[in-house]
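In case you want the letters, here they are:
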Amino acid sequence: MKKTVIANWKMYGNSASAKAWADSFRAISQATNDKSQATIIVCPPAPLLSLLKTEFLDLPIFLGGQDCHSQTEGAFTGDISADLLKDIGCSHVIVGHSERRNNYAESNEIVSKKADYAIKAGLIPIICIGETAIERENGQTIEVLSKQIAESIPKNVAKNNFILAYEPIWAIGSGNVPTINEISAAHCAILSEVSKLTGLASDSVSLLYGGSVKAENAKEIMQVQGVSGVLVGGASLKAEEFFKISTSA
Ligand code: PGA
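Now for a quick tour of the structure.

A short note on the site of the ligand
Lining the immediate environment of the ligand, one finds 13 residues, of which Lys10, His97, Glu167, Gly173 and Ser212 sit closest. Taking Lys10, its side chain carries an N or O atom lying 2.7 Å from an oxygen atom of the ligand. Between the ligand and Gly173, the relevant distance is 2.7 Å, taken from an oxygen atom to a main-chain nitrogen or oxygen of the residue. Taking 290 Å² as the accessible area of the ligand by itself, protein coverage stands at 96%. Among the residues making up the shell around the ligand, the classes are represented as 4 nonpolar, 7 polar and 2 charged.

What about the packing of helix α7 (residues 141-152) against helix α8 (residues 180-198)?
It is the contact of α7 with α8, at a shortest axis distance of 10 Å, that shows an interaxial angle of 35 degrees. Between α7 and α8 lies a crossing of right-handed hand. In this structure, α7 contributes Ile142, Leu145, Ser146, Ile149 and Ala150 to the contact, and α8 contributes Ala189, Ile190, Glu193, Val194 and Leu197.

Thoughts on the layout of surface pockets
Estimates place the volume of the largest pocket at around 570 Å³. Lining of the largest pocket is provided by 23 residues; of these, Met11, Gln66, Asp67, Arg100 and Tyr104 occupy positions nearest its centre. Of the residues forming the lining of the largest pocket, the biggest block, 3 residues, is contributed by helix α4 (residues 98-103). Taken together, the residues of the lining of the largest pocket break down into 10 nonpolar, 8 polar and 5 charged.

Examining helix α10 (residues 239-246)
Extensive coverage of α10 is indicated by the burial of 6 of its 8 residues. Looking at α10, one finds that the buried residues are Ala239, Glu241, Phe242, Phe243, Ile245 and Ser246. If you follow the buried residues of α10, they end up packed against β1 (4-8), α1 (15-31), β2 (39-43), α9 (215-222) and β8 (229-232).

What about the side chain of Asp67?
With respect to the element layout, Asp67 can be found in the loop between β3 (61-65) and α3 (82-87). Residue classification places Asp67 among the buried residues on the basis of a relative accessible area of 12%. Looking at Asp67, its side chain comes within polar contact range of the side chain of Arg100, at 3.5 Å. There is a polar contact of 3.0 Å between the side chain of Asp67 and the side chain of Lys114. Discounting residues that sit within four places of it in the chain, Asp67 has contacts with Leu85, Val93, Ile94, Arg100, Glu106 and Lys114.

Cut-offs and rules
- Throughout, a residue's number is its position along its own chain's written sequence, starting from 1.
- Two thresholds apply to this predicted model, a pLDDT of at least 70 for residue-level local features and 80 or more for giving and counting side-chain atom pairs, whereas whole-chain, interface and lining totals are computed over all residues.
- The side-chain quantities take in all heavy atoms of the structure and omit both hydrogens and water.
- Residues are counted as near a molecule or strand when any one of their heavy atoms sits within 4 Å of it.
- Identification of polar contacts relies on pairs of N or O atoms within 3.5 Å, with a donor-acceptor requirement for protein atoms, meaning one able to donate a hydrogen and the other able to accept it, and with residues adjacent in sequence counted only if both atoms are side-chain atoms.
- A 1.4 Å probe and the Shrake-Rupley method give the accessible areas. Residues count as covered only by the protein chains that appear here.
- Side-chain classes are defined by residue name, with Ala, Val, Leu, Ile, Met, Phe, Trp, Tyr, Cys and Pro counting as nonpolar, Asp, Glu, Lys and Arg as charged, and the others, Gly among them, as polar.
- Between N-to-C directions, angles cover 0 to 180 degrees, with each direction set by a line fitted to C-alpha atoms, over the stretch in contact for helices.
- Strands here mean DSSP runs of E at least two residues long; helices mean DSSP runs of H or I at least four residues long; both are numbered from the N terminus.
- With the far helix as reference, a near helix turned anticlockwise by less than a right angle produces a left-handed crossing, and one turned clockwise produces a right-handed crossing.
- Contacts between residues were defined by any pair of non-hydrogen atoms, one from each residue, lying within 4.5 Å.
- The rule is simple: put a 1 Å grid over the protein atoms alone, call a set of points where a 1.4 Å probe fits but cannot get out a cavity, call an open set with protein on both sides within 12 Å along at least five of seven lines a pocket, and count a residue as lining if it has an atom within 4 Å of a point.
- Grid points are joined across faces, edges and corners, and a volume is the space filled by probe spheres set on the points.
- The classification of residues rests on relative accessible area computed with a 1.4 Å probe and restricted to protein chains. Under 20% of the type maximum is buried, over 50% is exposed, and intermediate values are partly exposed.

Here is the structure:
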C-alpha cells in the first residue's frame, strides 16, 4: 500500500509563512532527485486553506482540514462543516485528534459522527486514537484503543474511504516515541480490532503512526509492519524537514 504522510500544522503560521513553506517545498523538490512515493496531505489552520489551494496547484500535495462539525450547516459559531471543507478544495479532514478530545471534551460518539459526516461529504476522515501516559502505565493501552475503535469508527467506513492514526498522547510534542516493538504491537492489535469491527482485511486499512515523528525517525517507523504512514505535527512546520519525512516513505 502507498504510504501516507500528513502534516498537521495545528494553530501555527500565517499567510506569509504558509507561502514561504510552499515556496521552500517546491524549491527542494526541484533541486533534488529524491521523489516522494507517498500521498502527501497538509492540514493547515482553516483560514490558510484557500491560499494553499492556489500555492499547491503545481505540487503533489492534498489539502485537509484539522476538524469538522458533524452537521452540514446551522447555528454553530466557529465551526466548519465537512461540506465547506470539500467545497474549498479539501480531500481529507482530521477528526478526534487528542487535542480536540481533551480541549473540547469530544467523545468517541462525537468523533464517530464527524467521521460519518465527512465520508458523506466526500472527504476522507483521518480518525485519531491513542492512550494517555497513565493508561499506558496501568497497562490499559489495548483496552483503551479497542474502545476508541469500537466507538469512534462509523458504520459507513469501507476500503479506502477512511484513515486511522494511532497517536499515543504521551508521544505528541514530547520527543518521546514508543519503541519499534511497541509501535508494531499496537498497530497489530489495532488492525485486528478494526478488521473484526469492519470486516475489512488488515492490509487494506490505512493506519498511520503519529507522535514526535521527525526526519531522523520517520524511515524506521514507516518500515514497521502495519504502519501505513505518519501524521506529523511540529516537524511538519519546516518544509525541508517535512520533505525529508515524505521521501522516507
Ligand atoms: P507532533 O504532533 O509530531 O508534534 O508530536 C503530532 C500530532 O499531534 O498529530
